[in-house]
Amino acid sequence: METVTLNNGVEMPALGFGVYQIPDSETEKAVTDALAAGYRLIDTASGYRNEEAVGHAIAACGIPRAELFVTTKLWVQDPGEDNTKRAFEKSLRRLGLDYVDLYLIHQPFGDYYSEWRAMQDLHRQGVIRAIGVSNFYPDRLVDLIEHNDVAPAINQIETHPFFQRHDYQQLMGELGVQIESWGPFAEGRNNLFTDPVLTAVAQQHGKSVAQVVLRWLVQRGVVVIPKSVRPDRMAENLEVFDFTLTEAEMARIATLDTGASLFFDHRDPTMVRQLGTARVD
Ligand code: NAP
């Protein structure tokens, strides 16, 4: 597995397994299958309500902890550093772990400056190997970096062929923040899996559209965490390190960019209110 090196020297797999929208009851099997297929990076969140099932799969897998890279995320909290530390402890307990590899602020809402200070503390204590953010637009990211000691190691943002984030990736690179894609397949929206441009490129390489999309992201230096509950697709999604897209193919895929989210804009006041006031135990 190829890796990326984060701004604090921590190495992270370039491709992992996401568990968003996998029901709690199916998550232990999915993660067990993913680990058996060869995934070592698992991406969950307190907001997905399946950390405990992820923990069960990890406990039973027999793979040394040091070979795994576990990400979880902090949901929007009531203000104050103590609330963040309590939420982290709960995640750790649900996962059955004594440290996580990556802990992300899930949404750029609420009192995330106190959250970040608490996370810096937890990082210094050694119970989190790297800290980062998710869904931060450039203004929020720059502001957070300007007013804190530790810059995020990661910003996990919607990134796929229809919302490519090239300019933002460049800015993040200048700030030392690794880009990580969520929704690499746009969850199948815009008929991604039958898109004519992606299909033509896939045929050229004897690969699937899913593999071309993941290869295109990995080749751009974007960390990817595709989700699937099907073992055949889990295996398929790992097989992206044995071919290379040409510059002309990268340029063709670049034409698919719409420059906008296919889900929602995190700066939309309705969403800010809706997500920012929702609480997860
Ligand atoms: P995604 O990975 O873009 O798409 C998942 C969908 O694609 C599922 O319907 C899956 O179906 C299908 N699929 C997977 N592999 C396929 C293949 N080879 N061929 C055809 N279909 C395939 O969507 P996502 O789960 O939203 O994003 C990935 C991860 O990013 C999440 O699981 C989560 O960890 C993270 N995420 C983070 C945020 C955030 O706010 N930070 C938001 C969304 C997601 P089957 O399962 O039936 O195979």
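Below, the structure is looked at part by part.

A closer look at the pattern of salt bridges
No. 1: This model, assessed by the stated rule, comprises 14 salt bridges.
No. 2: The salt bridge involving Lys73 is made with Asp43; its shortest N-O contact spans 2.6 Å. Here the residue Lys73 occupies a position in strand 5 (residues 69–74), and Asp43 occupies one in strand 4 (residues 41–43), the gap between them amounting to 30 residues.
No. 3: For Lys73, a relative accessible area of 0% translates into the label buried.
No. 4: In this structure Asp43 comes out as buried when scored by relative accessible area, which is 1%.
No. 5: Lys85 is paired through a salt bridge with Asp121; the nearest N and O atoms lie 2.8 Å apart. On the criterion of sequence distance, the pair formed by Lys85 in helix 3 (residues 81–95) and Asp121 in helix 4 (residues 112–125) is long-range, its members being 36 residues apart.
No. 6: In this structure Lys85 comes out as partly exposed when scored by relative accessible area, which is 23%.
No. 7: On the basis of relative accessibility, which here comes to 22%, the residue Asp121 falls in the partly exposed class.
No. 8: Linked by salt bridges that have partners in common, Arg65, Asp101 and Arg129 make up one network.

Description of the sheet that holds strand 5
No. 1: As summarised here, the arrangement of the eight strands in space is 3-4-5-6-7-8-9-10, forming an open sheet in which the pairing is parallel. Edge positions in the sheet fall to strand 3 (17–18) and strand 10 (223–224), since each has one partner strand and no second.
No. 2: Where strand 4 lies against strand 5, three bridges are found, and the strand directions are parallel. Counterpart to Ile42 in the pairing with strand 5 is Val70.
No. 3: Each of strand 8 (154–158) and strand 9 (178–182) touches helix 6 (residues 166–175); the most contacted strand, strand 8, lies at about 175° to it.

Focus on the site of the ligand
No. 1: Looking at the ligand, there are 26 residues lining it, with Asp43, Glu187, Lys227, Ser228 and Arg233 nearest.
No. 2: In the environment of the ligand, an oxygen atom lies 3.0 Å from a nitrogen or oxygen atom belonging to the backbone of Tyr20.
No. 3: A distance of 3.4 Å separates a nitrogen atom of the ligand from a polar side-chain atom of Tyr48.
No. 4: Compared with its free state, where it exposes 910 Å², the ligand has 88% of that area covered by protein.
No. 5: At three residues, the largest contribution of residues to the shell around the ligand is made by helix 9 (residues 231–238).

A word on the packing of helix 4 against helix 5 (residues 138–146)
No. 1: At a closest axis distance of 11 Å, the pairing of helix 4 and helix 5 adopts a crossing angle of 50°. With respect to helix 5, the element helix 4 is oriented oblique. The two elements helix 4 and helix 5 meet at a crossing, and its hand is right-handed. The residues of helix 5 that touch helix 4, namely those facing Tyr112, Tyr113 and Trp116, are Arg140, Asp143 and Leu144.
No. 2: Tallied by class, the residues present in the contact of helix 4 with helix 5 amount to four nonpolar, no polar and two charged.

Thoughts on the pairing of strand 6 (residues 100–105)
No. 1: In terms of burial, strand 6 is a largely internal element, six of the six residues being buried.
No. 2: The pairing of strand 5 with strand 6 spans four bridges and is classified as parallel. Pairing of Thr71 across the sheet is with Leu102, part of strand 6.
No. 3: Between the parallel elements strand 5 and strand 6, the chain passes through helix 3 in a crossover that is right-handed.
No. 4: Examined bridge by bridge, strand 6 and strand 7 (residues 128–134) share five bridges and lie parallel to one another. Note on strand 7: the bridge partner recorded for Leu104 is Gly132.
No. 5: What joins strand 6 to strand 7 is helix 4, and the crossover it makes is right-handed.

Conventions used here
- Residues numbered from 1 in each chain as written.
- Predicted model: local features only at pLDDT ≥ 70, side-chain atom pairs only at ≥ 80, totals over all residues.
- Heavy atoms only, no water.
- Salt bridge = Lys/Arg side-chain N within 4 Å of Asp/Glu carboxyl O.
- Helix = DSSP H or I, 4+ residues; strand = E, 2+ residues; numbered from the N terminus.
- Buried < 20%, exposed > 50% of the residue type's maximum accessible area, 1.4 Å probe, protein only.
- Pairing = 2+ DSSP bridges.
- Contact = heavy atoms within 4.5 Å.
- Axes fitted to C-alpha atoms, helices over the stretch in contact; angles between N-to-C directions.
- Near = heavy atom within 4 Å.
- Polar contact = N/O pair within 3.5 Å; in protein donor to acceptor, adjacent residues only side chain to side chain.
- Areas by Shrake-Rupley, 256 points an atom, 1.4 Å probe, with all protein chains shown as cover.
- Parallel < 35°, antiparallel > 145°, perpendicular 65-115°, else oblique.
- Left-handed = near helix turned anticlockwise from the far one by under 90°.
- Nonpolar A, V, L, I, M, F, W, Y, C, P; charged D, E, K, R; others polar.
- Right-handed = clockwise from strand over helix to strand, strands pointing away.

Shape descriptors only; they carry no functional weight alone.
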